[in-house]
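Next come the chains, spelled out residue by residue.
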Amino acid sequence: PLQNSLLELYGLTSIIDEHIFGDLSSFKANYAKVSREQNIYDNELGLVEPRNEMFSDLRNRLKPVCIRTLRRQVLEYINYRDRKPITQDYIPTEKEIELYNLMSEYLQRPRLYALPFSQRQLMTLILRKLLASSSFAIASTLNGLVYKLEKMEEEIIKSTPISNAELFIGIEENYEAYTDTLDEWIDNEEEDDEESEVKGKKYTLEDIPKIRAEKKDLEKYRDLAKEIFKNSKGESLLIALEKGFEMTSALGAQKKAVIFTESRITQDYLWNLLSDSGYKDKIILFNGSNTDAKSKNIFDEWLKRNKDTDKITGSKSADLRAALVDYFKESAEIMIATEAAAEGINLQFCSLVINYDLPWNPQRIEQRIGRCHRYGQKHDVVVVNFVNRKNAADQRVYELLDQKFKLFKGVFGASDEVLGSIESGVDFEKRIAAIYQSCRTEEEINSAFDALQREM
């Protein structure tokens, strides 16, 4: 799973033959992706054919070292299981809708002091994802932004002008995939002229009234989020789990479910919610650090049980992951996981995947489902997704992922053909983010998604 980055392709082939493409700079010069503006310019000049020849040349150069076998090519040898989708609708409360509308208006403002100029696009995406994840996740992040503006004001009053680019929010403590997403976005993060102009700006006393006004707004949104104790999506998870377990039971599978969220704080909320709803002592957490007390106990027991065996690799992080997977297989019913579980672990004994938070990058979704829907899986895999029936954009994103990318049903999944044909999952994610950012009415949202769908 290369996330369709040609530079990752260069790195992978270099393991086999470091001379196959020469050095990195010559590879970039020959094959690296050109900008969207260059694409448009080339199209106007009719230069599409030379670029097709370039990629045809790349494919031919790769043939000796890179062989991709698709699932449909091995069906006579391997009996792959099917994917069965369940859509779980939910209707947010008035307070949840109010918070969403206020945050959307805030994020669409032309200038924001709380977000670094160089990462405005990315930070806006993350705030929208946390807003959709849980009231607890967004409240925590808003609190961090309020604190940031307080520090900014203090520095200005002390007559130490401070650059917005120097202030960091610490968002990765909540949105665990921050670093990976930043790496994916950073290669082609485009700055407009206006942004370049203000990026190096130093804030002064003249900015304080605007900073205070923005801080006051953020405090209002944070306090509203803190008033929302019951999350509509969380309540509907309990219904979805019941439905999912009924379906997997009918298919003859074990009572096992992996629930994916994009936020560590939402992960804790779901732990408490499920513990209070009859699943106490049947849950395990899986994230990037796994520092909770239960994970530590599981790891200690696993080390004792596997002492003097080759199961122990000596790498603490790898062994901890193995211990948690073994515990899920042998004892727990539910694993609540962040994006850390979307790669590199085998959960073929589990056949219920619940996307509590749905990424907008289809390649990330395919990786998640691939933990369970894989070679060795003995049962059809049930995939549950949540759709906010009061949010037109959320509904259209789900339709695109379902109908165009065919992520949630069928034997092959999307990786056999569709994902290979799109330029990049990150590009698609950016296109979705741009629609959320620029459209204010349902008509505008539908028109923008219609255009994107026609283009695809």
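Note: the structure precedes this text.
What counts and what doesn't
Residues numbered from 1 in each chain as written. Predicted model: local features only at pLDDT ≥ 70, side-chain atom pairs only at ≥ 80, totals over all residues. Heavy atoms only, no water. Axes fitted to C-alpha atoms, helices over the stretch in contact; angles between N-to-C directions. Helix = DSSP H or I, 4+ residues; strand = E, 2+ residues; numbered from the N terminus. Parallel < 35°, antiparallel > 145°, perpendicular 65-115°, else oblique. Left-handed = near helix turned anticlockwise from the far one by under 90°. Contact = heavy atoms within 4.5 Å. 1 Å grid on protein atoms, 1.4 Å probe; cavity = no way out; pocket = protein on both sides within 12 Å on 5 of 7 lines; lining within 4 Å. Points joined across faces, edges and corners; volume = space filled by probe spheres on them. Nonpolar A, V, L, I, M, F, W, Y, C, P; charged D, E, K, R; others polar. Phe/Tyr/Trp six-rings, centres within 6.5 Å; stacked < 30°, edge-to-face > 60°. Buried < 20%, exposed > 50% of the residue type's maximum accessible area, 1.4 Å probe, protein only. Lys NZ or Arg CZ within 6 Å of the ring centre and 35° of its normal. Pairing = 2+ DSSP bridges. Patch = residues over 30% accessible without salt bridge, like charges linked within 9 Å, V, L, I, M, F, W, Y side chains within 5 Å. Areas by Shrake-Rupley, 256 points an atom, 1.4 Å probe, with all protein chains shown as cover. Salt bridge = Lys/Arg side-chain N within 4 Å of Asp/Glu carboxyl O.

A. Spatial organisation of the packing of helix α16 (residues 392–404) against helix α18 (residues 425–438). Orientation of α16 relative to α18, taken along the N-to-C sense of each, is 160°, at an axis distance of 11 Å. Classified by the angle between their axes, α16 and α18 sit roughly antiparallel to one another. Regarding α16 and α18, the two cross each other, and that crossing is right-handed. Taking contact as the criterion, the partners of Ala393, Asp394, Val397, Leu400 and Leu401 in α16 are, on α18, Phe428, Ile432 and Tyr436.

B. Representation of the layout of surface pockets within the structure. Here the second largest pocket is characterised by a volume of approximately 920 Å³. What lines the second largest pocket is a set of 44 residues, among which Tyr100, Ala132, Asn388, Asn391 and Asp394 lie closest to the centre. Of all the secondary-structure elements, those providing two or more residues to the lining of the second largest pocket are α5 (94–107), α6 (120–133), α7 (135–157), α11 (232–250), β6 (381–388), α16 and α19 (442–455). Per element, the largest residue contribution to the lining of the second largest pocket is seven residues, and it comes from α5. Counted by class, the lining of the second largest pocket contains 21 nonpolar, twelve polar and eleven charged residues.

C. Looking closely at the packing of aromatic side chains. According to the stated counting rule, one finds 13 aromatic pairs in the structure shown. Summarising the aromatic geometry, the rings of Tyr356 and Phe386 are spaced 5.4 Å apart at their centres and angled 65° between planes, so their arrangement reads as edge-to-face. Of this pair, Tyr356 sits in the loop between β5 (352–355) and α15 (362–369) while Phe386 sits in strand β6, and the two are 30 residues apart along the sequence. You can call Tyr356 buried: its relative accessible area is 1%. Site record: aromatic cluster; members linked through ring pairs are Tyr10, Phe21, Phe27 and Tyr31. Over the ring of Tyr356 we find Lys233; its NZ or CZ atom is 4.4 Å from the centre of that ring. One Lys or Arg, Lys255, reaches over the ring of Phe245 and ends 5.2 Å from the middle of that ring.

D. Structural context of the pairing of strand β4 (residues 334–337). Burial of the side chains of β4 extends over both faces: Ile334 and Ile336 are buried on one face and Met335 and Ala337 on the other. Note: strand β2 (residues 257–260) against β4, four bridges, orientation parallel. The residue of β4 that forms the bridge with Ala257 is Ile334. Sheet analysis places strand β3 (residues 283–286) next to β4, joined by four bridges and oriented parallel. Bridged to Phe286 within β4 is Ala337.

E. How the structure looks around unusual backbone geometry. Even without being glycine, Asn290 reaches a positive phi, approximately 50°. By the secondary structure assignment, Asn290 is in the loop between β3 and α13 (293–305). For Asn290, a relative accessible area of 6% gives the class buried. You will see that Asp308, though not glycine, has its phi angle at about 65°, which is positive. Along the chain, Asp308 turns up in the loop between α13 and α14 (316–330).

F. The arrangement of the environment of Glu98 in detail. Mapped onto the secondary structure, Glu98 falls in helix α5. Looking at Glu98, the relative accessible area reads 41%, which means it is partly exposed. In this structure, the C-alpha to C-alpha distance between Glu98 and Tyr221, residues 123 residues apart in sequence, is 9.4 Å.

G. Fine view of a nonpolar patch on the surface. Taken together, Leu12, Ile15 and Ile16 make up a surface patch of nonpolar side chains, about 340 Å² in accessible area. Counting through the fold element by element, Ile16 comes out in helix α1 (residues 6–16).

H. Just the sheet that holds β6, in detail. Spatially, β1-β6-β5-β2-β4-β3 is the arrangement adopted by the six strands of the open sheet, whose pairing is parallel. Sheet topology places β1 (83–90) and β3 at the edges, where each strand pairs with a single neighbour. Here the strands of the sheet are splayed against their neighbours by 20° on average, with no regard to which way each runs. Relative to the sheet, α15 contacts β1, β2, β5 and β6, its axis offset from that of β5 by approximately 150°.

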